[in-house]
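So you can see what is in the structure, the chains are spelled out below.
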Amino acid sequence: MICVLKTHVPQEKEEELIRWLKTQNLGVHVSRGEKQTVLGLIGDTSAVDADLIESLDIVEVVRRVSEPYKTASRQFHPADSVVDVGGVMVGEGLTFIAGPCSVETEEQVVGVAKSIKASGAHILRGGAFKPRTSPYSFQGLKDEGLKLLSLAKKETGLPIVTELMDIYHLDLFDDVDCIQVGARNMQNYELLKELGHVDKPVLLKRGLANTIEELLMSAEYIMAGGNEKVILCERGIRTFETATRNTLDLSIIPVLREKTHLPVIIDPSHATGKSSLVPPMALAAVAAGADGVMIEVHNDPIHALCDGAQSLTPDQFSALADKMRTIREVVS
Ligand code: PEP
Ligand code: MN
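Here the structure is a predicted model, which means the values were calculated and not measured.

Enquirer: Before we go on, may I ask you to explain the sheet that holds strand β7 (residues 95–99) in this structure?
Expert: Pairing between sheet strands relies on hydrogen bonds along the backbone, with the strands arranged either parallel or antiparallel. Spatial ordering of the closed barrel is given by β7-β8-β9-β10-β11-β12-β13-β14, a layout of eight strands whose pairing is parallel. Taken pair by pair, the neighbouring strands of this sheet meet at an average axis angle of 25°, ignoring direction. Note that strand β12 (residues 230–234) and strand β13 (residues 264–266) share three bridges and pair parallel. For Glu234, the partnering residue across the bridge sits in β13 and is Ile266. With respect to the sheet, helix α3 (residues 106–118) is in contact with β7 and β8 (123–125), its orientation differing from that of β8 by roughly 145°.

Enquirer: I'm lost on the coordination of the manganese ion (ligand 2) in this one. Help?
Expert: Note on metal sites: the ideal angle is 109.5 degrees for four tetrahedral donors, and 90 or 180 degrees for six octahedral donors. Protein coordination at the manganese ion (ligand 2): the donors are Cys101 (SG), His270 (NE2), Glu296 (OE) and Asp307 (OD), at 2.0 to 2.4 Å from the metal. Its relative accessible area of 2% is what places Cys101 among the buried residues.

Enquirer: Would you mind going over the pairing of strand β10 (residues 178–181) with me for this structure?
Expert: Both faces of β10 are covered, namely the face carrying Cys178 and Gln180 and the face carrying Ile179 and Val181. Sheet analysis places strand β9 (residues 160–163) next to β10, joined by three bridges and oriented parallel. Paired with Glu163 across the bridge in β10 is Gln180.

Enquirer: What's the story with the packing of aromatic side chains in this structure? I'm lost.
Expert: To describe a pair of aromatic rings, one takes the distance between the centres and the angle between the planes. Scanning all chains against the criterion turns up three aromatic pairs. Consider the rings of Phe129 and Phe173, whose centres lie 6.2 Å apart with planes at 25°: the pair is stacked. Here Phe129, found in the loop between β8 and α4 (143–156), pairs with Phe173, found in the loop between β9 and β10; they are 44 residues apart in sequence, far enough to count as distant. A single burial state applies to Phe129 and to Phe173, both of which are buried.

Enquirer: So what exactly am I meant to see when it comes to the nonpolar core here?
Expert: Soluble globular proteins tend to bury their nonpolar side chains together. Counting residues in hydrophobic clusters, the biggest one holds 64 residues, and the most contacted among them are Leu204, Ile295 and Met324. If near-sequence neighbours (up to four positions away) are discounted, Leu204 is found in contact with Val181, Met186, Leu192, Leu215, Ser218, Ala219, Ile222, Val230, Ile231, Leu232 and Cys233.

Enquirer: When you look at the site of ligand 1 in this model, what are you seeing that I'm missing?
Expert: Residues in close proximity to ligand 1 include Arg125, Lys130, Pro131, Glu163, Gln180, Gly182, Ala183, Arg184, Lys205, Arg235, His270 and Met294, which together make up its full environment. Interatomic distance of 2.8 Å between a backbone N/O atom of Ala183 and an oxygen atom of ligand 1. Lys205 has a polar side-chain atom sitting 2.8 Å from an oxygen atom of ligand 1. Here ligand 1, which alone exposes 290 Å², has 97% of that area covered by the protein. Here the residues of the shell around ligand 1 are counted per class, giving three nonpolar, three polar and six charged.

Enquirer: Which parts of the structure should I look at to understand the sheet that holds strand β2 (residues 27–32)?
Expert: Taken together, the four strands give an open sheet; going across it, the order is β2-β3-β1-β4, and neighbouring strands pair in antiparallel fashion. At either margin of the open sheet sits one strand with a lone partner, and together these are β2 and β4 (59–63). For this sheet, the mean angle separating the axes of adjacent strands, direction not counted, is 20°. When β2 meets strand β3 (residues 37–42), the two strands line up antiparallel, connected through six bridges. Bridge pairing links Val30 to Leu39 in β3. Sheet strands touched by helix α1 (residues 11–23): β1 (2–5), β2, β3 and β4. Its angle to β2, the strand with the most contacts, is close to 150°.

Enquirer: I keep staring at the packing of helix α6 (residues 212–224) against helix α7 (residues 252–259) and nothing clicks. Help me out?
Expert: A pair of packed helices is characterised by two quantities: the angle between their axes and the separation of those axes. In contact at an axis separation of 11 Å, α6 and α7 are set at 50° when each is read in the N-to-C sense. The orientation of α6 with respect to α7, classified from their angle, is oblique. The way α6 lies across α7 gives a crossing that is right-handed. Residues Ile212, Leu215 and Leu216 of α6 lie in contact with α7, whose contacting residues are Ile252, Val255, Leu256 and Lys259. Among the residues forming the contact of α6 with α7, the class breakdown is six nonpolar, no polar and one charged.

Scoring rules and cut-offs
- Residues numbered from 1 in each chain as written.
- Chains lettered and ligands numbered in written order.
- Predicted model: local features only at pLDDT ≥ 70, side-chain atom pairs only at ≥ 80, totals over all residues.
- Heavy atoms only, no water.
- Pairing = 2+ DSSP bridges.
- Helix = DSSP H or I, 4+ residues; strand = E, 2+ residues; numbered from the N terminus.
- Axes fitted to C-alpha atoms, helices over the stretch in contact; angles between N-to-C directions.
- Contact = heavy atoms within 4.5 Å.
- Donors = N, O, S within 2.8 Å, 3.2 Å for Na, K, Ca; no water.
- Buried < 20%, exposed > 50% of the residue type's maximum accessible area, 1.4 Å probe, protein only.
- Phe/Tyr/Trp six-rings, centres within 6.5 Å; stacked < 30°, edge-to-face > 60°.
- Core = buried A, V, L, I, M, F, W, Y, C linked by side-chain atoms within 4.5 Å.
- Near = heavy atom within 4 Å.
- Polar contact = N/O pair within 3.5 Å; in protein donor to acceptor, adjacent residues only side chain to side chain.
- Areas by Shrake-Rupley, 256 points an atom, 1.4 Å probe, with all protein chains shown as cover.
- Nonpolar A, V, L, I, M, F, W, Y, C, P; charged D, E, K, R; others polar.
- Parallel < 35°, antiparallel > 145°, perpendicular 65-115°, else oblique.
- Left-handed = near helix turned anticlockwise from the far one by under 90°.

Here is the structure:
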């Protein structure tokens, strides 16, 4: 249930209402917009008398929220959210996240970080803990990989995003600016609940076979724990089509715009699986209004330990970055 207050409500009246709502065993989420304040009522609102609340002189309107997610809903928080990732404001302007699929060597990750920074990238990506389909494939450098990411951050000033597969590894993530929850873990509810208590932004990837509502419910798990710094990421879903690794669902961008205030990032690398398909889909994502893209870039894609076929070279990324900026200007 949401309760929209009238404009210019005196602070003490607002506080009095919040205190009373809390005595009704409800959590109250306060969202202050430029003109109006929206109170999100969390908990069992079935017994709440909406008409009574609406009759109060400081209340404009009370609405029951039909979606099962609340904190993530745009009704709760009408303005777009901006998530601060190590000083980069995701949701404000166009954000480029780039870097290798996996961290392999110092030369590789620091070299890629320097070149993507020169092309205007804002955040460095790179996996240290890799969720691989085969247990015999390269599993990532783990803590050593995180140290190399920190080194690349120190050398370039780029904040880093990397995947956390198990909450047990969290102690190693002190220097990580944004925690990635991979597609395979989107419904790992114990992990999501733990991340609700962590004071770091989370980049939540859509699962391979999950609906938009399920993605938002997973965001809700994190947000319900108190961590509202969630960024959503579409990375392609499973369909009957085999020409691409997955099918990039770009309609998620306008759908999410209506349903949620959270920033939306598109990953055309995992969606297409093929480097030649990445630039056109990245441009399409920007044209459709994405807040940013996440793109795999490798200095030597043929010899990459993971996902070389979908990785751009630094030069290809640089050319794409120019085009993405142009498209953004046209559509904004
Ligand atoms: C990744 O971004 O490194 C990754 C493993 O992607 P996904 O979880 O989308 O497969
Ligand atoms: Mn990858």
